[in-house]
Amino acid sequence: MLETNLRQLVSRILLSGTALLWLACVPLTVSAASPDLVSIFPLSCPVGTTTDVKLKGKQLKDIRLAQLTAPGVSIKVINDQSLQITVPAETPPGDYDLRVLTGQGLSQPHVVQITAWPTTTADEQADTPDSAETLKLPGGVDARFDHTGDIDWYTFPGTAEQTVTIRCRSRSLGGSAEPLFTLSAPGGEEIAFASAAELEPALHLKLSETGTYRIKVFERAYRSDANSVYHLSVNTGPRLLAAFPALIPANKPSQLRIQGLDLPGVAEDSTQLLQQKTITVDPGTDTELSQSGQYAATSPLSQGRWLQLPHTAGSVRLMTTDTPIVVDQDPENHSQRTAQEIKIPCDIAGQFPQPRDLDWYRFTADKGQQLNLAAFGERLGQRMDLELSLFDDKGKLLLNLSDQKQAKGDATPVSAASLDPEGTWKAPQSGTFYLLVRDLYGVSLGGFERQYRVRITNRVPDFRVFAYPGELERKHGITLHPGGHTHVALYVDRQHGFDKPVRIHAVDLPQGLTADDIIIPKHQSAAVLSIQTDRSLTPDILDLNLQATSEDQQLIREVQPLTVTDASTFAQVNTLAAGIADPAPVVLTIAPPQQPLTVGGKLELAAKLESHDSSISSPIELKWHTAMVDAKNKSVPLFKPTKSIPPTQTKSKLTATLSDKLQPGEYLLWLSATTKVDSSPATDQKQKKAKPVPVSIVTNVITLKVEPEQNPKKPKQK
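Residues numbered from 1 in each chain as written. Predicted model: local features only at pLDDT ≥ 70, side-chain atom pairs only at ≥ 80, totals over all residues. Heavy atoms only, no water.

**Student:** Describe the overall build of the protein, listing the residues and the values that go with them.
**Tutor:** Scanning the protein from N- to C-terminus turns up 1 helix and 58 strands. Taken over 718 residues, the protein has a buried fraction of 53%. Accessible area of the protein: about 32,200 Å², with a carbon and sulfur share of 48%. (Helix = DSSP H or I, 4+ residues; strand = E, 2+ residues; numbered from the N terminus. Buried < 20%, exposed > 50% of the residue type's maximum accessible area, 1.4 Å probe, protein only. Areas by Shrake-Rupley, 256 points an atom, 1.4 Å probe, with all protein chains shown as cover.)

What follows is the structure, encoded as structure tokens:
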């Protein structure tokens, strides 16, 4: 469902506890006018400071508001290309989402890093060792590769026996660069090279002597574009780097092993740079565990906490689960003969500490028992390509799960491919079976931080619901135009035979917004939720919360929002939000039919057109949207629907004919429309009158209840 293509971004459910969702929706005002926030610079804002941030993008005119999801932060809009961000000293460091609101709409989010260390903006002349820029320790710099083959140089003062962490980020901060760096000692010799296996490399080392150290940063592919930016940081002191297992029970204490630098309470070992120690955590009481995410348990990755230690920099994501946890007993389980015993259902917290590591597990199953297996490695932020293999007790291969393939045809965001395998399996007979977990990248990669998760459960019907951008406004946020309708696109991912209707409900909508519940029929996966906005609302950015329930209300799921990147790929974030822009120039509302509908019968809708202060200058061209199916669940069309409304006709009857092949049941229906309205009076003396402006409109969503044909025609006899 965290970076390089559609499958990775959808599959990756990185859960920033502070992120807000910004979805695209069908536009309700001037076409292609919503703001597109492409890049920002600098990438970082240190705590306790005020930073001027430059914006780049499209349609960034008339910015009304800007919002960063970090607590306590205030933003002043300087102009359409610049913001002034003030971060209090008490704001927690981390990655937060920035978005801007113009009169035409809300932008997609862009990551801003808030740092605990001083950060500068690079001097782009530091292209040689002699012109290297000096960094404070601790400290950081925001920079860019401004031409192909660009190399940047930095220095910092180091002390013998001092422990430092050097890290270079780009992709996770919205950049396009893939940086690498080397470190040279005061004498000039190169002493360390960042690993090319990491997309955002880091080095942890203890300095051997006192003096000036030099860092050389370059793009690994020697390329450059407008967004080839990066953040380089050099930090000292205690730092938490990883924890195992990073999967803990949701409601009881557990022990885990942490790894870091200069960890409090760990005696210094001159032969061991990275330190480890065992701690006990309790999600119910520990203040070191901060809540992340607002979701119910709608997916294996949708709940968790952030582990932070007193007087120690850094934090580690810990996932929580109610399923029994099995911790990998490496290295005892490296063969089928020594496979580790597990019981179904379970969550396996695994680790590949060494290259070429193999993990074996054994379990019993009854004949015909159906299991669901899902592995998580790439979705945990690892450069990992997991493979799951099932064997019988004689060593015969029964199932092999590798990459998930991209679905053919009209694929939705959740049908995207992934390097994390997932599938179902039915036991051919009762007995003992063996699971092999391996990483196809693991020939050369290993380490404490290389962790995976495998979830094995009995196959039971279930579903997930995603909210994601519509086709016309893919990269923008949800925009609410006062007085009009806005659509949020939805997709129901039906799993393991779930075939029931799903109700979508807006929970505790902000004042001035209304949204009728919709029921997505069992034969339908894609739908839209219509939100209507009071005309008196003024520019603002609001939080939304959508909930999905099964027909029998036995399953309750939070709708999981998605946003879109520059590469038109999807990424999941935590919170759905929308911006209130200018009032809707034209509003079209439809009412459900008053008469019962039957298969093959006539459909008649009452339509109301409001133009408010706008003057409509062309007919309103209509497009009808529904997902009607026949008895074989194949699509059937409406016949002869009304195609247009005269611009001066405020009330209309819209008609269409239902197919005689239509399957009786409930269906969702809505209309989209295009027209032109007169723009504001011309300011150019050569222009005699205002130029008409194209406008896109969507209606509210209604439910059609179609009954069987009352007097069906008998088939002709041969």
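**Student:** Pulling in residues and values, what's your account of unusual backbone geometry?
**Tutor:** A cis amide bond links Leu-137 to the next residue, Pro-138, at an omega of 0 degrees. For Pro-138, the position within the fold is in the loop between strand S11 (133-134) and strand S12 (139-144). Following Asp-330, the chain continues into Pro-331 via a peptide bond in cis, with omega recorded as 5 degrees. Position of Pro-331 among the secondary structure elements: in the loop between strand S27 (325-327) and strand S28 (340-341). Unlike most non-glycine residues, Asp-508 shows phi in positive territory, near 50 degrees.

**Student:** Before we move on, can you summarise the pairing of strand S33 (residues 397-401) with the specific residues and values?
**Tutor:** Direction of pairing for strand S32 (residues 386-392) relative to S33: antiparallel, over a ladder of 4 bridges. Residue Leu-388 lies in a different strand from S33, and its bridge partner there is Leu-401. (Pairing = 2+ DSSP bridges.)

**Student:** Quick one: what's the story with the packing of aromatic side chains, residue by residue and with numbers?
**Tutor:** Applying the stated rule across the entire model yields 10 aromatic pairs. Taking 6.3 Å as the distance between ring centres and 90 degrees as the angle between the ring planes, the aromatic pair formed by Phe-363 and Trp-425 counts as edge-to-face. Of the two residues, Phe-363 sits in strand S30 (residues 358-365) while Trp-425 sits in strand S34 (residues 422-426), which places them 62 residues apart along the sequence. Note on Trp-425: relative accessible area 7%, which makes it buried. Taken together, Phe-193, Phe-218 and Tyr-222 form an aromatic cluster joined through their ring pairs. The positively charged end of Arg-144 is found above the aromatic ring belonging to Phe-41, 4.5 Å away from the centroid. (Phe/Tyr/Trp six-rings, centres within 6.5 Å; stacked < 30°, edge-to-face > 60°. Lys NZ or Arg CZ within 6 Å of the ring centre and 35° of its normal.)

**Student:** Please set out the sheet that holds strand S46 (residues 556-558) residue by residue, giving values where relevant.
**Tutor:** If you walk across this open sheet you meet the 4 strands as S42-S40-S45-S46, and the pairing is antiparallel. Each edge of the sheet is formed by a strand with only one pairing partner; in this case those strands are strand S42 (518-520) and S46. Neighbour-to-neighbour, the strand axes of this sheet turn through a mean angle of 25 degrees, independent of strand direction. Sheet analysis places strand S40 (residues 502-506) next to strand S45 (residues 546-550), joined by 5 bridges and oriented antiparallel. Residue pairing for S45: Ile-504 is matched across the bridge by Ala-548. (Axes fitted to C-alpha atoms, helices over the stretch in contact; angles between N-to-C directions.)

**Student:** Any chance you could break down the sheet that holds strand S22 (residues 254-261) for me, citing the residues and the numbers?
**Tutor:** Spatially, the 3 strands line up as an open sheet ordered S20-S22-S23, and their pairing is antiparallel. Edge positions in the open sheet fall to strand S20 (239-244) and strand S23 (275-281), since each of these has one partner strand only. Here the average twist between neighbouring strands, direction ignored, is 35 degrees.

**Student:** Can you tell me about the pattern of salt bridges, naming the residues and giving the values?
**Tutor:** What the rule picks out here adds up to 18 salt bridges. Here Glu-200 and Arg-169 are joined by a salt bridge, their closest N and O atoms 4.0 Å apart. Placement of the pair is Glu-200 in the loop between strand S16 (190-193) and strand S17 (202-206) and Arg-169 in strand S14 (residues 163-169), with a sequence separation of 31 residues. Like Glu-200, the residue Arg-169 is buried in the burial classification. The residue Glu-219 makes a salt bridge to Arg-223 at a minimum N-O spacing of 3.6 Å. Judged by relative accessible area, Glu-219 falls into the buried class, the value being 2%. The exposure class assigned to Arg-223 is partly exposed, which follows from its relative accessible area of 38%. (Salt bridge = Lys/Arg side-chain N within 4 Å of Asp/Glu carboxyl O.)

**Student:** Report on the side chain of Gln-340, specifying residues and quantitative values.
**Tutor:** When you line up the elements, Gln-340 lands in strand S28. The buried category is assigned to Gln-340, whose relative accessible area is 12%. Reaching out from Gln-340, the side chain makes a polar contact with the backbone oxygen of Val-327 at a distance of 2.9 Å. Contacts of Gln-340, omitting those with residues within four sequence positions, involve Val-326, Val-327, Asp-328, Gln-329, Asn-333, Trp-360, Tyr-361 and Arg-362. (Polar contact = N/O pair within 3.5 Å; in protein donor to acceptor, adjacent residues only side chain to side chain. Contact = heavy atoms within 4.5 Å.)

**Student:** Any details on the nonpolar core? Residues and values, ideally.
**Tutor:** Among the nonpolar cores identified, the biggest contains 33 residues, and Val-465, Leu-490 and Ile-518 are the most heavily contacted of them. Looking at this core element by element, the count peaks at 4 residues for strand S43 (residues 526-533). Aside from chain neighbours lying at most four places away, what touches Val-465 is Leu-490, Tyr-491, Val-492, Val-502, Ile-504, Ala-548, Glu-558, Val-559 and Gln-560. (Core = buried A, V, L, I, M, F, W, Y, C linked by side-chain atoms within 4.5 Å.)

**Student:** Can you break down the side chain of Glu-387 residue by residue, with the values?
**Tutor:** Looking at the element boundaries, Glu-387 is found in strand S32. Using a relative accessible area of 10% as the deciding quantity, one classes Glu-387 as buried. A distance of 2.6 Å separates polar atoms of two side chains, one belonging to Glu-387 and the other to Arg-438. Leave out the neighbours within four places in its chain, and Glu-387 touches Asn-400, Leu-401, Ser-402, Pro-421, Leu-436, Val-437, Arg-438 and Leu-440.

**Student:** Which residues make up the environment of Leu-436, and what values go with them?
**Tutor:** For Leu-436, the location among the structural elements is in strand S35 (residues 431-439). Along the backbone, Leu-436 and Ser-389 are 47 residues apart, and their C-alpha atoms lie at a distance of 5.1 Å. In this structure Leu-436 touches Leu-358, Asp-359, Trp-360, Glu-387, Leu-388, Ser-389 and Phe-391, once residues within four positions along its chain are discounted.

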